[in-house]
Amino acid sequence: MERIDQSPVKYAVHRDVLDELGLEEVAQKGTWSIKPTVGDKVKESLRCSVPSLKHILLTWIPILSWLPKYSFRENILGDVVSGCSVGIMHLPQGMAYALLASLGPVYGLYTSLFPVLVYVIFGTSRHVSIGTFAVISIMVGSVTERLAPDEAFYFNGTNGSLTVNIDARDAYRVQMACSVTLLSGIFQILLGVVRFGFVATYLSEPLVRGYTTGAACHVCVSQLKYLFGVKPARFTGPFSLIYTIVEICRLLPQTRVPELVVSLVALAVLIVVKEINACYSKKLPLPVPIELIVVTTIIIHFCGVREDYLIDVVGEIPSGFKAPRTPDITFFSQLIGDAIAVAIVSYAITISLGKTFGLKYGYKVDSNQELIAVGLSNTIGSFFQCYAVTASLSRSLVQESTGGNTQIAGVVSSLLMLIMVIKIGSLFEDLPKAVLSTIVFVNLKGMFRQFMDVPLLWKTNKVDLLVWLVTFISTVLFNLDLGLALSVGFSIYQVFGIKIFRSSATICFTNAELFLEALQQRSGLDVRKLQMEKKKRAKQEKMAKKEVKKSVIEIHKGLLDHPCNSTSSSKVSELNKEKNLSMHKDVAIFLTNTSSNGFGHVNSAYQYDATTSEIDSGCHSENNLTPILYEDEKDGRTCMSVTHSIILDISTTGFVDTVTVKMLKNIFGDFADVDVDIYLAGCQACVVEQLEKAAFFESIPKTRLFVTVHDAVLHILRKLGQTDIIFDASCDTQM
């Protein structure tokens, strides 16, 4: 048995014996070796899968990759200071934003605790602060107020009047908020698992900024009732914002003076101190926590005397936590649209802030993992009576500016919130709601400053300006859910006319012809027919010009006739003039039809760019987006081509031969004849080098070559919307 792994044994062993001993025959009769058992195979498979399993764990649970490498000496002080600063902001903002969601302030405190801890484990951004946010809060509030209005909870009071059962209403609204949060979290997790993080690409920066500005208007109007101490009627559906403003104006004579005074004083103090923080941010070691100071001061002043001032206060805030409970899934059918809107907006805000900080500090923010992280924060948080979360711009800036380096700052802020909820939550029961509304107002400053985008976009990109305005107006007039749908639909419409063609195989001489045929088929463009139609029209125009020239000569000759000619010759001359004028009219009508609506209408979004045309003059000198009409040979129908750009994604091609180069040149030339621009994207470095050696770029400008498909799309959109100036890459940041 010692010679198993050496020379073959000279005698034969029966196969059954070998099987019993765990040995097997190999090669020749009598040659044998160890037979691997099932356990050995499992061990081998595990040995091979351990690296991949480790990679999966580190990818899906990022804290496992950065926490073991955490440097206490370099980071702990900054993270602790940053976490305390953010935690101080969480307290007033959590209670204030909970009012936007039509929930009790304590649920805002819950939302500032549990989802933050979840994001620490699964998030990839080091600087964003997850928690309550005004836009998401108002979106959740629109759901809770729509499905749980006051009218549904009326009962006869002791004096016979109708009274709202506040406890039942609030409990039902919490169920609704948790259900929509759970459903939106599930959507986000599913999209992240299928690597759908690129969806943020379709939410352009003008769309997001226009949407958040419109949402800020909804937030502002929703807080006016606390500012003036009035109780307006609730409106739903399109134009509800306008109706609410009219209703509040009608109720202004009923304003409660004490609440108005408290609001104005708190608002003035908050604005002044926040401006000081902004002006001296580089000199101050920490921003002045004015929100907490105002809240504390007002509590001390109004503690125990709220009945004298008749001021609406926060009310009971229970200490401790409620037991986790499963959200009611029976509401899902009523919440699908709202959950999708919340999922998209919360992710878009988070990834935009995360990418910004990642670019600034040089680390990668995984868009798909961020989708999963926010989804898990919402899903797990919904079991602890939390509502939907996203990243907050103000808190994230504070976390970054006060020295936060990792998400340990989130752990510190969560511990601070834990202490507040358990020990001192009840101290805020006498806090006026008007003070919380002023905190909301002041924190909307950044979003209202986005109105400055309008003059900037007017000077730079009118297409982006149109997207911004349509998004803002849709959001203001048609509410947050329908406004988002209309905005995304309009924004995607801007990309119509661009086709992306990708081959899954390497392009070479064996399939070059098939590639060309597939391109024409999938793009819906029969280049040969379009070229024939274009030549036919050119020929007709040439003949028409000859007829015009001929008629002009005949008219000129007629005018030279002597006025004393005979009557018959005069009549002939008049007949010739009428004939020539008629011919003039027919020719003019023909030319008008061939240059305008006869062959479709010009895309009004297109602006001619002389500079770009000069750069691309190697292909064709005209950038004409007029749809081309041609007749289908099969059924005689008139077909129209509206495609103006095609992007060839050749990232799978590792080399190009002479046939491929010639085919690509023909594609550029043929499609240029029918006014369709061709772009190359995803070319490997070796392919670009081979194209240069083949003199490809002597006839095709390198301005048609892009690293990614996304870059090519952005270039085309800038080209369509450009008017006077060339865009720099930094001027068109996408989320």
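Residues numbered from 1 in each chain as written. Predicted model: local features only at pLDDT ≥ 70, side-chain atom pairs only at ≥ 80, totals over all residues. Heavy atoms only, no water.

The criterion, for reference: UniProt positions are given in the numbering used here, feature names are shortened, and annotations may be inferred rather than shown by experiment.
Naming follows an unreviewed UniProt entry, where the chain appears as Solute carrier family 26 member 6, like 2 of Oryzias sinensis. Per UniProt, the comment on the chain under Subcellular location (unreviewed entry) is "Membrane".

Some points on the overall build of the chain
Inclusion rule: Helix and strand assignments come from DSSP, with helices taken as H or I runs of at least 4 residues and strands as E runs of at least 2, each series counted from the N terminus. Buried residues are those whose accessible area, probed at 1.4 Å on protein chains only, stays under 20% of the maximum for their type, while exposed residues exceed 50% and partly exposed ones sit between those limits. Using the Shrake-Rupley algorithm and a 1.4 Å probe, accessible areas are obtained, with residue cover drawn only from the displayed protein chains.
Counting its secondary structure elements, the chain contains 28 helices and twelve strands. Taking all 735 residues of the chain together, 47% fall into the buried category. Put simply, the chain shows about 37700 Å² of open surface, and 62% of that area lies on carbon and sulfur atoms.

Here we look at the UniProt feature "transmembrane region" (unreviewed entry) in the chain
In the numbering adopted here, UniProt assigns the feature "transmembrane region" (unreviewed entry) to residues 97-122, 128-148, 182-203, 331-350, 371-393, 405-422 and 467-493. Secondary structure across residues 128-148 divides into 67% helix and 10% strand, with the first and last C-alpha atoms of the span separated by 33 Å. A distance of 26 Å separates the end C-alpha atoms of residues 331-350, which is 95% helix and 0% strand.

Some points on the environment of A712
For the record, the criterion: Only heavy atoms matter for contacts: two residues are in contact if any of them lie within 4.5 Å across the pair.
For A712, the location among the structural elements is in helix α28 (residues 709-721). Owing to a relative accessible area of 0%, A712 belongs among the buried residues under this scheme. Leave out the neighbours within four places in its chain, and A712 touches I647 and F706.

Digging into the packing of aromatic side chains
The following threshold applies: Working definition: a ring pair exists when centres of Phe, Tyr or Trp rings (six-membered ring for Trp) sit within 6.5 Å. Plane angles under 30 degrees give stacked, over 60 give edge-to-face, the rest tilted. Both a distance and an angle decide whether a charge sits over a ring: NZ of Lys or CZ of Arg must be within 6 Å of the ring centre and within 35 degrees of the ring normal.
Overall, the coordinates contain 17 aromatic pairs when judged by the stated rule. Judged by centre distance (5.8 Å) and plane angle (40°), the rings of Y110 and F321 are tilted. In this pair, Y110 sits in helix α5 (residues 105-111) while F321 sits in the loop between α13 (306-309) and α14 (332-361), placing the two residues 211 residues apart along the sequence. On the basis of an interplanar angle of 55° and a centroid distance of 6.0 Å, the ring pair of Y679 and F706 is categorised as tilted. One end of the pair, Y679, is in strand β11 (residues 677-681); the other, F706, is in strand β12 (residues 705-706), and 27 residues separate them in sequence. When its relative accessible area of 0% is taken as the criterion, Y679 is described as buried. For F706, a relative accessible area of 15% puts it in the buried group. Linked through ring pairs, Y107, Y110, F114, F321 and F384 together constitute an aromatic cluster. Lying across the ring of F697, K702 places its NZ or CZ 5.2 Å from the centre. Taking the ring centre of Y679 as reference, the NZ or CZ of R704 above it sits at 5.1 Å.

Some details on the pairing of strand β10 (residues 645-649)
Worth spelling out the cut-off: When DSSP locates at least two bridges between a pair of strands, those strands are taken to pair. Every crossover in which the path from the first strand over the helix to the second runs clockwise, viewed with the strands pointing away from the viewer, is termed right-handed.
Counting buried residues along β10, five of its five residues qualify, which places the element largely inside the surrounding structure. Sheet analysis places strand β7 (residues 498-502) next to β10, joined by five bridges and oriented parallel. Within β10, the residue paired with R502 across the bridge is D649. Two elements, β10 and β11, share five bridges in a ladder whose sense is parallel. Paired with L648 across the strands is L680, a residue of β11. Taking the sense of rotation as the criterion, the β-α-β connection linking β10, helix α26 (residues 658-673) and β11 turns out right-handed.

So, the sheet that holds β11
Just so we agree on the cut-off: For helices, the fitted line uses only the C-alpha atoms of the stretch in contact; every axis is such a line through C-alpha atoms, and the angle between N-to-C directions lies from 0 to 180 degrees.
Strands sit in the order β7-β10-β11-β12 across an open sheet of four strands; the sheet is parallel. With one partner strand each, in any of the chains shown, β7 and β12 form the two edges of the open sheet. Packing of helix α22 (residues 512-523) onto the sheet brings it into contact with β7 and β10, and relative to β7 it is tilted by some 145°. Of the strands in this sheet, β10 and β11 are in contact with α26, which crosses β11 at around 145°.

Observations concerning the confidence of the model for the chain
We apply this condition: The predictor attaches a confidence to each residue, called pLDDT, with possible values from 0 through 100.
Averaged over the chain, the pLDDT score is 76; the fraction of residues at 70 or greater is 75%. Every residue in residues 1-35 scores below 50 in pLDDT, and together they form 39 contacts with partners more than four places removed in sequence or on other chains.

Describing the packing of helix α7 (residues 134-147) against α14
Angle between the axes and distance between the axes: these two values describe a pair of packed helices. To keep it simple, the criterion reads: The cut-offs work like this: below 35 degrees is roughly parallel, past 145 is roughly antiparallel, 65 to 115 is roughly perpendicular, and the gaps in between are oblique. We call Asp, Glu, Lys and Arg charged. Ala, Val, Leu, Ile, Met, Phe, Trp, Tyr, Cys and Pro are nonpolar, and the rest, Gly among them, are polar.
Look at α7 against α14: their axes get within 10 Å of each other, and the N-to-C directions meet at 175°. By the criterion of interaxial angle, the relationship of α7 to α14 is roughly antiparallel. Contact residues: α7 offers V135, I136, M139, V143, R146 and L147, while α14 offers Q334, L335, D338, A341, V342, V345 and S346. Residue composition of the contact of α7 with α14, grouped by class: nine nonpolar, two polar and two charged.

Comments concerning the nonpolar core
Where we set the bar: Here the nonpolar core consists of buried residues drawn from Ala, Val, Leu, Ile, Met, Phe, Trp, Tyr and Cys, with membership extended through side-chain atoms lying within 4.5 Å.
Formed by 89 residues in total, the largest nonpolar core has its most connected members in M95, V135, M139, V345, L431, L436 and L444. Considering every element that reaches this core, the biggest residue donor is helix α9 (residues 205-228), with nine residues. Filtering out sequence-adjacent residues up to four positions away, L431 remains in contact with M95, V295, I298, I299, V313, V314 and L436.

Focus: the pattern of salt bridges
Defined as follows: When a carboxyl oxygen of Asp or Glu is within 4 Å of a side-chain nitrogen of Lys or Arg, the pair counts as a salt bridge.
Per the stated rule, a full pass over the model turns up 13 salt bridges. Put simply, D150 and R173 hold a salt bridge, and the shortest N to O gap is 3.4 Å. Of the two residues, D150 sits in the loop between α7 and β4 (154-156) while R173 sits in helix α8 (residues 166-193), which places them 23 residues apart along the sequence. Residue class for D150 comes out partly exposed when judged on its relative accessible area of 28%.

Observations regarding a nonpolar patch on the surface
Inclusion rule: Nonpolar side chains (Val, Leu, Ile, Met, Phe, Trp, Tyr) are joined into patches within 5 Å and like charges within 9 Å, using only residues with over 30% relative accessible area and no salt bridge.
The grouping of I56, W60, V193, V194 and F196 at the surface amounts to a nonpolar patch, some 430 Å² of accessible area in total. Positionally, I56 belongs in helix α2 (residues 38-60).

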